[in-house]
Amino acid sequence: MKILEDRIRREGTVKHGNVLKVDSFLNHQCDVALFDAMGEEWARLFKDVRIDKILTIEASGIGIACCAARYFHNVPVVFAKKAQSINLDGDQYCTSIYSFTKQKEFPVIVAKKFLVPGEHVLIIDDFLANGNALNGLLSICEEAGVVVEGFGIAVEKGFQGGGDALRARGYRVESLANVLSMDPETGQIEFADSDSS
Ligand code: 5GP
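What counts, and at which threshold
- Residues numbered from 1 in each chain as written.
- Predicted model: local features only at pLDDT ≥ 70, side-chain atom pairs only at ≥ 80, totals over all residues.
- Heavy atoms only, no water.
- Helix = DSSP H or I, 4+ residues; strand = E, 2+ residues; numbered from the N terminus.
- Buried < 20%, exposed > 50% of the residue type's maximum accessible area, 1.4 Å probe, protein only.
- Near = heavy atom within 4 Å.
- Polar contact = N/O pair within 3.5 Å; in protein donor to acceptor, adjacent residues only side chain to side chain.
- Areas by Shrake-Rupley, 256 points an atom, 1.4 Å probe, with all protein chains shown as cover.
- Nonpolar A, V, L, I, M, F, W, Y, C, P; charged D, E, K, R; others polar.
- Axes fitted to C-alpha atoms, helices over the stretch in contact; angles between N-to-C directions.
- Parallel < 35°, antiparallel > 145°, perpendicular 65-115°, else oblique.
- Contact = heavy atoms within 4.5 Å.
- Expected span 1.5 Å × (residues − 1).
- Phe/Tyr/Trp six-rings, centres within 6.5 Å; stacked < 30°, edge-to-face > 60°.
- Core = buried A, V, L, I, M, F, W, Y, C linked by side-chain atoms within 4.5 Å.

Enquirer: Account for unusual backbone geometry, naming residues and giving values.
Expert: With an omega of 0°, the peptide bond running from Glu58 to Ala59 counts as cis. Turning to its location among the elements, Ala59 is positioned in the loop between β3 (53–57) and α3 (60–69). The backbone phi angle of His73 is positive, close to 55°, even though this residue is not glycine. Within the secondary structure layout, His73 lies in the loop between α3 and β4 (77–80). Taking the relative accessible area as the measure of exposure, His73 reaches 77% and is therefore exposed. Even without being glycine, Gln103 reaches a positive phi, approximately 55°. Secondary-structure assignment places Gln103 in the loop between β5 (92–98) and β6 (105–111). The exposed category is assigned to Gln103, whose relative accessible area is 58%.

Structure (structure tokens):
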């Protein structure tokens, strides 16, 4: 998606350790018009499948998932929580994932009542690197008996392999920007071929 790639080129900074910082529009300050355009694009890409619910993970997935839901007939958005809370009651699906950016394990929790067996789910997230976060959400979906129709990702870092591993398992992964390489010394970012949308 050209407007997202242009924005990453303009405002993204490449950190050591394969981290792309895009906090001026995605991970801290939010560009809602851009989120809206991203949602519209995922709706176009997934128009041939039934989506009953969008699943994401806090925190940065929430904004993009909510904007996207407007283009999927206002389906509910469920976000997985990363910490236990007294507000979480009843039965829960819980797994543990390793965070790429925080470099530690943390729990991922979804209340059972918000994933109904047989529902068709689209999983949305801001970044896809090694795939740990999405694999955690997938295992919760498998346990819940929902149908995962695919993944809508803002920025895939293709060189880290998480996306291709999911594709090899037969999942549809639609990334709006796919970074093939990035250099912390020069700041150069190379994207996979993209269309002009
Ligand atoms: P994975 O689990 O696929 O290795 O990493 C995905 C998660 O780590 C995303 O949910 C995102 O929060 C975070 N992440 C991974 N790589 C980056 C990055 O380069 N920049 C930012 N801002 N977050 C990242």
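Enquirer: A description of the site of the ligand should follow, citing residues and the corresponding values.
Expert: Taken together, 16 residues are adjacent to the ligand, and Leu20, Ala129, Gly131, Ala133 and Lys157 come closest. For the ligand, an oxygen atom lies 2.8 Å from a polar atom in the side chain of Lys157. Coverage of the ligand by the protein amounts to 89% of the 500 Å² it exposes when considered alone. If you list the elements that add at least two residues to the shell around the ligand, you get β2 (19–21), β7 (120–128) and α4 (132–144). With four residues, the single largest contributor to the shell around the ligand is β7. Of the residues belonging to the shell around the ligand, the class tally is seven nonpolar, six polar and three charged.

Enquirer: Quick rundown of the packing of helix α1 (residues 2–11) against helix α2 (residues 32–45)? Include the residues and the values.
Expert: Running from N to C, α1 and α2 point in directions that differ by 140°, and their axes come no closer than 10 Å. Taken together, the axis directions place α1 and α2 in an arrangement best described as oblique. Judged by residue contacts, Ile3, Leu4 and Arg7 of α1 engage Leu34, Ala37 and Met38 from α2.

Enquirer: Give me the lowdown on α2, citing residues and values where you can.
Expert: Taking 1.5 Å as the rise per residue, α2 with 14 residues should run 20 Å; its terminal C-alpha atoms sit 20 Å apart, in good agreement. For α2, the full list of buried residues reads Leu34, Phe35, Ala37, Met38, Gly39, Glu41, Trp42 and Ala43. Among the structural elements, α1, α3, β7, β8 (147–157) and β9 (173–182) are those in contact with the buried residues of α2. N-capping of α2 is provided by Asp31, with a side-chain oxygen placed 3.1 Å from the backbone N of Ala33.

Enquirer: Mind laying out the environment of Asp164, listing which residues take part and the relevant values?
Expert: Here Asp164 shows up in helix α5 (residues 162–168). In this structure, the C-alpha to C-alpha distance between Asp164 and Gly131, residues 33 residues apart in sequence, is 9.3 Å.

Enquirer: So, the packing of aromatic side chains: which residues are in play, and what are the values?
Expert: Under the criterion given, the structure shown has one aromatic pair. Both rings, one in Phe151 and one in Tyr171, keep their centres 5.7 Å apart while their planes meet at 80°; by these two values the pair is edge-to-face. Of this pair, Phe151 sits in strand β8 while Tyr171 is found in the loop between α5 and β9, placing the two residues 20 residues apart along the sequence. Using a relative accessible area of 0% as the deciding quantity, one classes Phe151 as buried.

Enquirer: Talk me through the nonpolar core; I want residue IDs and the actual numbers.
Expert: Ranked by internal contacts, the top residues of the largest apolar core, which has 35 residues, are Ile8, Leu20, Met38, Ile54 and Phe72. For this core, the elements supplying multiple residues, two or more each, are α1, α2, α3, β7, β8, β9 and β10 (189–191). With six residues, the single largest contributor to this core is α2. Those residues within four positions of Ile8 in sequence are excluded, and the remaining contacts are Leu20, Val22, Phe25, Val155, Ala177, Ile189 and Phe191. Core analysis: the next-biggest nonpolar cluster, separate from the first, contains 25 residues, Ile57, Phe106, Leu134 and Leu137 among them.

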